[in-house]
Amino acid sequence: MSRLEGLWRQPPTWLLGAVVALLSWNVGIFPPSAGLDASWSAGLAMATQDGLQYGTQLVFSYGPLGFLQGQRLWYGDLGVLAFLFSATLHIAFCIGLVWALRRRLPILAAAAIAFLVVAVLPPLEQALLLAVLASLAILERERSRRTINLFVVAAAGFAAVEALLKLSTGPVIAVIFLLALIGARASRLQIALFAALFAAELTGLWLLSGQSLGAVPDFVETTLQIIGGYSTAMLRKVDVPAWKVTLATVAAAAITVAVVVASYGARFRDQRARLAGAGLVVIAAFTLFKEGIVRTDAGHLSLYFSSACVLWIAIPWAGRRWLLAGAAAIALMGIPVRPPGLSTNLDPVANVRLAGEGVHALVSGARRADLLDTGRTAMRSLYRLDRPTRSALEGRTVAVEPWEAGVAWAYELDWNPLPVFQNYSAYTSELDRLNAAAAESQNGPERILRENQLLVLPEFPTPDLDGRYPGWDPPEQARAVLCNFAPLHTTERWQVLGRVPDRCGRPRPIGSVESRYGEVVEVPPPGPGAVVFARIHGAGVGGLERLTSLILHARVRQVVVNGSQTYRLLPETAGDGLLLRADPRLTAAEGPVFSPVPQARTLELKGAGGKLRYEFFAMSVAPG
């Protein structure tokens, strides 16, 4: 039998996986676009292009390599790197998936199921799942010293990239690899080599991405804030019926337990490998569970069930019955919560064509230039900044509120964001203070461009994410902007604020009220030329709820203003000082849409229990 005939009859796993990757291809180089997710992708790319320092000048749930996750072309070189990274990850993931299936299934069945998983079950947390697939492969049976050495080198490099890419999963991947090495009985020298390579490559990538070593402590601190505050803040009014959310959450918890139990009972080289395998599956399953059920929308729930299906496949099963039955059951459980418009990649011809288009854009600078021009033209036609708005921004450093950073790229503005550049992510007091300090600083932006989100997203209940009130998102930042900026130009959709000398007096206490959830509290009236704000104590997450939020999420707090309008209240920033009432003459220039003050005469907190204390303050504000 010739070598070619041998490849046809018994193709190697890498070749079969590469074919599956090509037929299910979902990676491209696409023109830039507007919108919430596209704008944080634009912000990460602009931060990298401009050399902003993470932790001090920019804070988000992605690190300085976060631009690698995007498939929108914001800058030519960065787009090339992002495509190469995403394409490599996609191919490696498909090879790992085929390998896992091929252990117990015939060749064609393994390839077909792998294709269906990748084509029908997006979105998938590919990087985390690839780490689990590789780690369980090392633990399944005895591996040579050479194989473990190769694993050490590859794992350290991959973990270093991911640690600076996505902050919620990157460190988890490093821990998974470490457990795999311990379970595989790697020598102390090999484990030390992994740690040394990881640290060295992490440092090298940090410096190559334009970061300074002096910013590392701030980056670590703000990363902990972003990760730690997520479960208490990033809940939303879901696009899935409540009963489906409840059933999906219960099902996700049951699947998580089942995956962990199954991993312990699977086939491993020895008991040490079994414990390590079960341990890393616990970490991966819990990470996916949290990602799926904190923001209980269709997209995040679908990501959980799809990724859990792959996690089940990754387990080294002794037979095929439980492998197939469990994977099918998990996939079917995710169907009721899948977003209606979620696309699949079942057309292999279109997928191969997409791969070809990506390679064309990769090698052709002219094609990338066309994509950039197309995207910029399309975004400007959507944003439609009028001439006075552009004139107020040109030649000035600009921040954008609440999140549409893409407008700065589209009009080639001098972007100088507040560090947490999308307001909804400044959900702890420390992050709120960081943004407020930048708004107060003379080194901060000279202009702030605000967008009327109700005009862009009329389905939103309020002009902010998840039913929040924009003047409280976050509150200390809003007060700093009120004191240091004044309106220059306003349209129905946009408002430009210009920096002015601090126009606020020193806050003075005007009373406090002891209350409870469900009780209505009256807000003191402001005096002439003054605003009233309140620090609400007792609304934060603590005690038993703090523990339960580590597993699930915190309860949703709501504020009822004037007995009629309800807003989400973020528990961690409720004590930062919520703007409530103002002399109407102070906010007349902002207009009703952009005013940071809700003119609250009464407040009522709902959603939790316990005692509350409202501390009211008045602050004079000079006219802008």
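Details of the structure are given in the entry above.
Residues numbered from 1 in each chain as written. Predicted model: local features only at pLDDT ≥ 70, side-chain atom pairs only at ≥ 80, totals over all residues. Heavy atoms only, no water.

Draft legend 1. Structural context of the overall build of the protein. Looking only at helices and strands, the protein has 24 helices and 13 strands in total. The dimensions of the protein, computed from C-alpha atoms along their principal axes, are 95 × 55 × 45 Å. Counting the 624 residues in the protein, one finds 55% classified as buried. By sequence separation, contacts in the protein at least 24 residues apart represent 78% of the contacts at least 6 residues apart. Counting 56 positive and 47 negative side-chain charges, the protein places the centres of these two groups 8 Å from one another. (Helix = DSSP H or I, 4+ residues; strand = E, 2+ residues; numbered from the N terminus. Buried < 20%, exposed > 50% of the residue type's maximum accessible area, 1.4 Å probe, protein only. Contact = heavy atoms within 4.5 Å. Lys, Arg positive; Asp, Glu negative; His and termini not counted. Charge placed at Lys NZ, Arg CZ, Asp CG, Glu CD.)

Draft legend 2. Representation of the pattern of salt bridges. Here the structure, examined in full by the defined rule, presents 23 salt bridges. Residue R585 is joined to D583 by a salt bridge in which the shortest nitrogen-to-oxygen separation is 2.7 Å. It is possible to trace a salt-bridge network through shared partners that takes in R103, R104, E140 and R267. (Salt bridge = Lys/Arg side-chain N within 4 Å of Asp/Glu carboxyl O.)

Draft legend 3. Layout of the pairing of strand β12 (residues 602–606). The pairing of strand β7 (residues 520–522) with β12 spans 3 bridges and is antiparallel. Of the residues in β12, the one forming a bridge with V521 is L603. (Pairing = 2+ DSSP bridges.)

Draft legend 4. Seen up close, the packing of helix α4 (residues 76–102) against helix α6 (residues 126–140). Contact geometry of α4 with α6 gives a least axis separation of 9 Å together with a crossing angle of 40°. In terms of axis orientation, α4 runs oblique to α6. As α4 runs across α6, the sense of the crossing is left-handed. In this structure, α4 uses L89, H90, A92, F93, G96, L97, W99 and A100 to contact α6, whose residues at the interface are Q126, A127, L129, L130, L133, A137 and E140. Taken together, the residues of the contact of α4 with α6 sort by class into 11 nonpolar, 3 polar and 1 charged. (Axes fitted to C-alpha atoms, helices over the stretch in contact; angles between N-to-C directions. Parallel < 35°, antiparallel > 145°, perpendicular 65-115°, else oblique. Left-handed = near helix turned anticlockwise from the far one by under 90°. Nonpolar A, V, L, I, M, F, W, Y, C, P; charged D, E, K, R; others polar.)

Draft legend 5. Inspection of the state of the cysteines at higher detail. In total, this model carries 1 disulfide according to the counting rule given. In this structure C94 is a free cysteine whose sulfur lies 14 Å from that of C309, the closest cysteine sulfur available. (Disulfide = S-S within 2.5 Å.)

Draft legend 6. How the structure looks around the environment of T246. When you line up the elements, T246 lands in helix α11 (residues 242–264). Judged by its relative accessible area of 48%, T246 is partly exposed. Note: C-alpha distance between T246 and T296 (50 residues apart in sequence) is 9.6 Å.

Draft legend 7. Layout of the sheet that holds strand β2 (residues 414–415). Ordered by their spatial adjacency, 5 strands build an open sheet running β2-β1-β3-β5-β4, and the pairing between neighbours is mixed. The two strands at the open ends of the sheet, each matched to only one other strand, are β2 and β4 (485–490). Note that strand β1 (residues 397–401) and β2 share 2 bridges and pair parallel. Looking at β2, one finds that T397 is bridged to D414. Strand contacts of helix α21 (residues 475–484): β1, β3 (447–451), β4 and β5 (494–499), with the helix running at about 75° to β4, the strand carrying the most contacts.

Draft legend 8. How the structure looks around the sheet that holds strand β6 (residues 508–516). The strand order β6-β13-β8-β11 describes an open sheet built from 4 strands, whose pairing is antiparallel. In the strand order of this sheet, the two ends are held by β6 and β11 (578–582), each with one partner. For this sheet the average axis-to-axis angle between neighbouring strands, irrespective of direction, equals 25°. Summarising the sheet, β6 and strand β13 (residues 611–620) pair through 8 bridges and their orientation is antiparallel. Directly across from R508, in β13, lies its bridge partner A618. Lying over the sheet, α21 contacts β8 (530–537), β11 and β13, oriented at roughly 45° with respect to β11.

Draft legend 9. The packing of aromatic side chains, seen in detail. Counted under the stated rule, the structure contains 21 aromatic pairs. Relative to F219, the ring of W206 has its centre 4.9 Å away and its plane inclined at 55°; by these criteria the two rings are tilted. Here W206, found in helix α9 (residues 188–208), pairs with F219, found in helix α10 (residues 216–233); they are 13 residues apart in sequence, far enough to count as distant. Side by side, W206 and F219 carry an identical accessibility label, which is buried. (Phe/Tyr/Trp six-rings, centres within 6.5 Å; stacked < 30°, edge-to-face > 60°.)

Draft legend 10. Here's a closer look at α10. Taking 1.5 Å as the rise per residue, α10 with 18 residues should run 26 Å; its terminal C-alpha atoms sit 25 Å apart, in good agreement. If you check which residues of α10 are buried, you get F219, T222, T223, Q225, I226, G229, S231, T232 and A233. Buried residues belonging to α10 abut α9, α12 (271–293), α19 (429–440), α22 (543–551) and β10 (565–569). (Expected span 1.5 Å × (residues − 1).)

Draft legend 11. Quick look at the pairing of β3. Here β3 lies mainly inside the structure; 5 of its 5 residues are buried. Burial along β3 is two-sided: R447, L449 and E451 and I448 and R450, pointing in opposite directions, are all buried. Where β1 and β3 come together, 4 bridges link them in parallel fashion. By the bridge assignment, V398 is partnered in β3 with R447.

Draft legend 12. Expanded view of the side chain of S364. On the secondary structure map, S364 appears in the loop between α15 (348–363) and α16 (365–383). Its relative accessible area of 16% is what places S364 among the buried residues. A distance of 3.0 Å separates a polar side-chain atom of S364 from the backbone nitrogen of R367. (Polar contact = N/O pair within 3.5 Å; in protein donor to acceptor, adjacent residues only side chain to side chain.)

Just geometry here; none of it tells us what the structure is for.
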